[in-house]
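Descriptive analysis of the structure
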Amino acid sequence: MAENKTKPTDASIEEYIASRANEQQGKDCKALMAMFKKITRKAPKMWGPSIVGYGVYRYTYASGRTGEAPLAGFAIRGRELVVYLCCENENQKSLLTKLGKHKMSKCCLYFKQMADIDKSVLEALVIDSIDDVKQRYG
């Protein structure tokens, strides 16, 4: 089985943000970092070259593949920020309708800037996502 490429590293979060973020994204990353630290009570860690992650959980898929991933995290993807979320239950889907200007893929919430979204709704989504992951994987 292939080894998981996204692992915690000792890379500098500050250097990552400085190298990728424009001025607004830099401010928004600081706001996200404060939010994630408050929610998880964990220090941030770089996961791979481009994910700022908080906490960790271990997963096992039906295929038998196992690995570790951050409980919560975000990244800078070009002009957008992405927050990694599990948004599959009805409460999460309802919250997404109240969030503001965003795009959602399977586990990635994309937005251009924090001013486009409701921060309290984002916080509720992150908390709900973490609870969901903990219920699934312990």
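Throughout what follows, the structure given in this document is the object of discussion. (Residues numbered from 1 in each chain as written. Predicted model: local features only at pLDDT ≥ 70, side-chain atom pairs only at ≥ 80, totals over all residues. Heavy atoms only, no water.)

Remarks on helix α2 (residues 23–40)
The terminal C-alpha atoms of α2, which comprises 18 residues, lie 26 Å apart, in line with the 26 Å expected from a rise of 1.5 Å per residue. Considered for burial, the residues of α2 that qualify are Gln25, Gly26, Asp28, Cys29, Leu32, Met33, Met35, Phe36, Ile39 and Thr40. The opening residue of α2, the one whose side-chain oxygen lies 3.1 Å from the backbone nitrogen of Gln24, is Asn22. (Helix = DSSP H or I, 4+ residues; strand = E, 2+ residues; numbered from the N terminus. Expected span 1.5 Å × (residues − 1). Buried < 20%, exposed > 50% of the residue type's maximum accessible area, 1.4 Å probe, protein only. Polar contact = N/O pair within 3.5 Å; in protein donor to acceptor, adjacent residues only side chain to side chain.)

Side note on the packing of α2 against helix α4 (residues 119–137)
Between α2 and α4, whose axes approach to 11 Å, the crossing angle comes to 45°. By the angle class used here, α2 and α4 are oblique. As for how α2 packs across α4, the hand of that crossing is right-handed. Where α2 abuts α4, its residues Leu32, Met35, Phe36, Lys38, Ile39 and Thr40 lie against Lys119, Leu122, Glu123, Val126, Ile127 and Ile130. For the contact of α2 with α4, a count of residues per class yields eight nonpolar, one polar and three charged. (Axes fitted to C-alpha atoms, helices over the stretch in contact; angles between N-to-C directions. Parallel < 35°, antiparallel > 145°, perpendicular 65-115°, else oblique. Left-handed = near helix turned anticlockwise from the far one by under 90°. Contact = heavy atoms within 4.5 Å. Nonpolar A, V, L, I, M, F, W, Y, C, P; charged D, E, K, R; others polar.)

A word on unusual backbone geometry
At Arg41, a position not held by glycine, the phi torsion is positive, near 60°. With respect to the helices and strands, the residue Arg41 is situated in the loop between α2 and β1 (44–47). Residue classification places Arg41 among the exposed positions, given a relative accessible area of 75%.

Examining α4
For α4, which comprises 19 residues, the first-to-last C-alpha distance of 27 Å matches the rise-based estimate of 27 Å (1.5 Å per residue) to within 8%. Looking at α4, one finds that the buried residues are Val121, Leu122, Leu125, Val126, Asp128, Ser129, Ile130, Asp132 and Val133.

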